[in-house]
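Survey of secondary and tertiary structure
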Amino acid sequence: MSENEILKKSMDVSRRTFVKWSALLGAAATVGCGSVGGSDKIDDDYDSSDTVIAPKDFDYDSAVWSACNVNCGSNCPLKLYVKDGVVVRVATDSDSEDEYGAYGTNYQMRACVRGRSVRQRIYNADRLKYPMKRVAGTSRGSGQYERISWDQAISEIADKMKSVKNLYGPSAFYIQYATGTIDASIARSWPPAKTPMARLHNLWGGWLNHYSDYSTSQITSALCLLEGSSWSNNTITDAANSNLVVLWGNNPANTRMGSARHFTYHLQKAKEANPDLKFISVDPFYTDTAIALEADWISLRPGTDSALVAGMAHYLLSEGLMDEAWLDNHCVGWSEASLAGAVEVNAGAEAYYEPAYDKSWGDTDTTEPVVPAGSSYRSYIMGLGADAVEKTPAWASDITGVPESVIKSFAKELVNESPAMVIQGWGPQRHSLGGNNSRAIGLITILTKNIGITGGGSAAREAASSVGISMPFWDSTFPANPVSHTISNFTWPQAIKDNTVMTGNTWGVRGLADADTPLPAPIKFVWNYAGNCMLNQHADINSTMQMYKDDSLLDCVVTIDNYFTPSAMVSDYILPDCTNFEQNDMSSNSGGNTADIKFQNKAIEPMFECKTIYEMMSLIAAKLGIEDAYTEGRTQEEWLEYLFNKGLSDNGDQGVFTAANGQDTYAKCQAKGLIKKYDASARPSVAYKDFVADPVANRVSTPSGKFEIFSKRLYNLSHQWSFPAEYNDGKDKITALPEYYEAWSGYQDANINNYPFQVVGFHYKQRTHSTYYNCDWNREASKQAAWINAQDASRLGIAHGDTIDIYNDRGRVRITAKVTTRVMPGVIGLPQGSWYNPGGKWYNSDIEHVGTLTDAQIGNASVIDHGGCMNVLTSLRPGPVSKGNCQHSVLANIEKVG
Ligand SMILES: Nc1nc2c(c(=O)[nH]1)N[C@H]1C(S)=C(S)[C@@H](COP(=O)(O)OP(=O)(O)OC[C@H]3O[C@@H](n4cnc5c(=O)[nH]c(N)nc54)[C@H](O)[C@@H]3O)O[C@H]1N2
Ligand SMILES: Nc1nc2c(c(=O)[nH]1)N[C@H]1C(S)=C(S)[C@@H](COP(=O)(O)OP(=O)(O)OC[C@H]3O[C@@H](n4cnc5c(=O)[nH]c(N)nc54)[C@H](O)[C@@H]3O)O[C@H]1N2
Ligand code: SF4
Ligand SMILES: [Mo]
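The model shown is predicted, which means the values in this text are computed figures rather than measured ones.

Attention shifts here to the pairing of strand 18 (residues 594-600). When you tally the buried positions in strand 18, you get 7 out of 7 residues, the bulk of the element. The alternating pattern of strand 18 places Thr594, Asp596, Lys598 and Gln600 and Ala595, Ile597 and Phe599 on opposite faces, both of which are buried. Note that strand 17 (residues 585-591) and strand 18 share 7 bridges and pair antiparallel. Bridge pairing links Ser588 to Ile597 in strand 18. Between strand 17 and strand 18, which follow one another and run antiparallel, lie 2 residues, and Gly592 among them has a positive phi close to 50°. Inspection of the sheet shows strand 18 paired to strand 19 (residues 674-678) by 5 bridges, in the antiparallel sense. In the sheet register, Ala595 faces strand 19, and the bridge partner there is Lys677.

This brings us to the site of ligand 3. In the vicinity of ligand 3, 13 residues are found, and the nearest of them are Cys68, Cys72, Asn75, Cys76 and Cys112. Along the lines of polarity and charge, the residues of the shell around ligand 3 split into 7 nonpolar, 5 polar and 1 charged.

This paragraph deals with the sheet that holds strand 23 (residues 803-808). Ordered in space as 21-25-22-24-23-26, the 6 strands form a closed barrel in which the pairing is mixed. Neighbour to neighbour, the strand axes of the sheet diverge by 45° on average, direction disregarded. Of the strand pairs in this sheet, strand 22 (residues 786-789) and strand 24 (residues 811-820) are connected by 4 bridges, and their pairing is parallel. Paired with Ile788 across the strands is Val819, a residue of strand 24.

Around ligand 2, a shell composed of 34 residues is seen, among which Thr179, Asn532, Asp561, Ser770 and Thr771 lie nearest. Separating a nitrogen atom of ligand 2 from a backbone N or O atom of Ile560 is a distance of 3.0 Å. Partitioning the shell around ligand 2 into residue classes produces 9 nonpolar, 21 polar and 4 charged.

This part is about the packing of aromatic side chains. Applying the stated criterion across every chain, the model contains 43 aromatic pairs. Judged by centre distance (5.4 Å) and plane angle (85°), the rings of Phe644 and Phe657 are edge-to-face. Of this pair, Phe644 sits in helix 24 (residues 636-651) while Phe657 sits in the loop between helix 24 and helix 25 (666-672), placing them 13 residues apart in sequence. For Phe644, a relative accessible area of 0% corresponds to the buried category. Among the aromatic side chains, those forming a connected cluster through ring pairs are Trp474, Phe478, Tyr614, Tyr630, Trp639 and Tyr642. Above the ring of Tyr772, the side-chain terminus of Arg121 is found at 4.6 Å from the ring centroid.

The rules behind the values
- Residues numbered from 1 in each chain as written.
- Chains lettered and ligands numbered in written order.
- Predicted model: local features only at pLDDT ≥ 70, side-chain atom pairs only at ≥ 80, totals over all residues.
- Heavy atoms only, no water.
- Buried < 20%, exposed > 50% of the residue type's maximum accessible area, 1.4 Å probe, protein only.
- Helix = DSSP H or I, 4+ residues; strand = E, 2+ residues; numbered from the N terminus.
- Pairing = 2+ DSSP bridges.
- Near = heavy atom within 4 Å.
- Nonpolar A, V, L, I, M, F, W, Y, C, P; charged D, E, K, R; others polar.
- Axes fitted to C-alpha atoms, helices over the stretch in contact; angles between N-to-C directions.
- Polar contact = N/O pair within 3.5 Å; in protein donor to acceptor, adjacent residues only side chain to side chain.
- Phe/Tyr/Trp six-rings, centres within 6.5 Å; stacked < 30°, edge-to-face > 60°.
- Lys NZ or Arg CZ within 6 Å of the ring centre and 35° of its normal.

In short, shape yes, function no, at least from these values alone.
This is the structure in structure tokens:
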């Protein structure tokens, strides 16, 4: 049998069944957590006219617990049924108790349809089978690879490493942002410092790390400046104590679809407990979550949240609905008088703030710029600030597209319906103005006094419960990285192209001697383990492709994946990894009052020539002469047992790992696989409760110790930092207040005259980023299509199902149109994560790697992407403070094809 016949034979469950079944689960999202009855077994012959799915017996030798370790925030347990060494069924935690007692006590950790389709990932026709090397003389991106032996691959990669270290030093090694297997203990791909490659390089001289991430870089560098943390919020189950929940750019029915973190389920349960609970969704799209929760929809133009908040604040002030004395007690920057409390740092008090910049140089300034009169938020909205514009609801309506009456009624509801819980997703912050937008959303919860109270919240993203299980992961044994400077997660292409212009002042490099010291070495060697950010998930694919084509820039790119992904296609070496179903590992998660830990078991033998990442790195370590230090003489299994025993001695049994439970040894836990813990007495935590009750006795972690509507730190930064020359066009600003301005690729960027649509690449249920894209069941169940408003479509003569091109200066994407009223006019939705397929030449319609590109085609903006990949259209331009990704700020045009 050929290799692909082996793969195909392993996949003998009918496609029709899965598609119908997944459609049913999608519908179930509106009535409860997606699960099929109370059984592991699914019916192969489900007919859509059936109302009940009956379990059907099937043959298996063993049922093995593992988990889905992709980066969707859920980490669901998966139970794999194995017959003759082949996974024949995938189930989940569907036969344990499912009580959902107080605040989510003891409920089932059910996987979403993606996890349940994982057989299609294990037995994918595009599975990498052998080590491969770019064919000599071909360019990166052409897609031509030859099979090599493991010996050759390991030797050549180790030799490259030695030469790069000799020529450029350890900081020329970069471990790419890569989240394909984020939840594991050993086979872990993110954060980079916790990966198997980090252990290798820590022992071998160091490597260049990044700070922040593609998920949250703008909110991480902004909301903390207002509140002292970018993460603290009331736990999601506290929604049961709310009158109103506002999902602000937050679509958990797509982005938190399973197990402990199934936030839509928690909200539905809150509604069951409190039938009067009302939901509002603030989003350019009428999201699946809004449908599931029957939310009111406030549709606003992407990137304009800070204008909406300013208009709401103006209204509340004009109506006397604000407690100004309370604001002055708790905040710096509401009134002019409160500005006297603005400081850049609080001398000596706290050692750490979430850094918006490198504290080591910011603090040493001896002269600080003077804050002029009119710098308070009150002045800003009343037209008494520098711009002398009153931020009336009418002003906000013009910018946001939200009717004035809605701006007013929404503002009033947040006051009258208190406690109201605002939970902010990460869509609003993934914009050019994203930092200010995320702060503004935080601000409205302060201005309406919903912060710090039961049933309220801080407007950070929803928080999970504090019921957890502590078990050390492998990285807890790693030595430190000798290289201490870092770049932002988004700026690695610049560090490849020209590191000499990258300083703290211009590109936000951290940890160097001072803010003008350039990044000492270019990136020459990249480890890309379980990641697609080398191409697909990063921005401006055509320009990035041109960078790869230039062989003078990078010495070596090693991709370690399960499939022939777009990132594999720009690599020098491609190494075939075991899936996590082919090895033992450990992962844990929590939500509600329940936590779980998965002792993941190897379900099947490694396929083809695949190796585990641990084995790969151990082989490289041997070539570098550090094998003993790397492995400490342990196999992967021995490490897991060692960590388990260490966990017991460090943390005790936590009421979980007891002899009475039959869970006091690694072997016993491994045999159980899925272990849960719950605490019915735990109550939701309330963020900033102590501070709000007594702001003098209990400071928050901002420089002043209060909520900082005006950030002196940002004010000073605006005088210290300069933007990189190519981005110094006035469309970026650093502002002390969370104010609105006409940012690049926003609604008021003049470029909208050329490219009249705002295109948003939201996170989609078909896949987790680009992972699961090559499962055709999922592609059929939730199609990749461009969402376009019905009015826009009819004006342009575009019908539902037509083929359209979306294009701008950076490239062109060909895609099917989904005509809908679920997106506001002027906005296009193009789900991010679909695989880039230039000219349709890399992949066939089954997403199998088939073809190659000529040099002229590589990175050529006129080559049409047939994959529907959002990042053909996005910009490499980083956010002004975060230096992170703004991938939701895109202007483009569309046209019907044919
Ligand atoms: N199924 C699935 N789940 C996932 C992922 C996935 O790819 N697929 N990815 C996971 C990861 S790593 C992450 S980081 C999270 C991402 O989670 P998020 O970043 O929260 O997800 P997005 O879909 O980008 O944005 C959330 C919502 O914000 C809206 N939005 C966009 N721009 C604006 C704006 O300017 N203002 C307002 N008010 N709303 C706006 C979008 O329309 C969307 O409905 O999801 C995780 N979960
Ligand atoms: N335009 C746009 N771009 C975005 C975003 C956006 O909203 N818009 N979102 C951004 C965000 S928030 C994120 S987090 C990033 C995510 O970007 P990535 O971290 O690159 O995530 P994935 O695209 O899922 O790629 C994960 C890779 O891991 C592989 N993989 C899965 N399991 C295994 C395994 O067991 N072993 C190995 N070796 N490989 C495995 C998969 O095949 C896949 O190629 O994308 C970012 N890109
Ligand atoms: S994709 Fe996410 S929600 Fe779905 S099974 Fe995997 S971890 Fe769970
Ligand atoms: Mo993310």
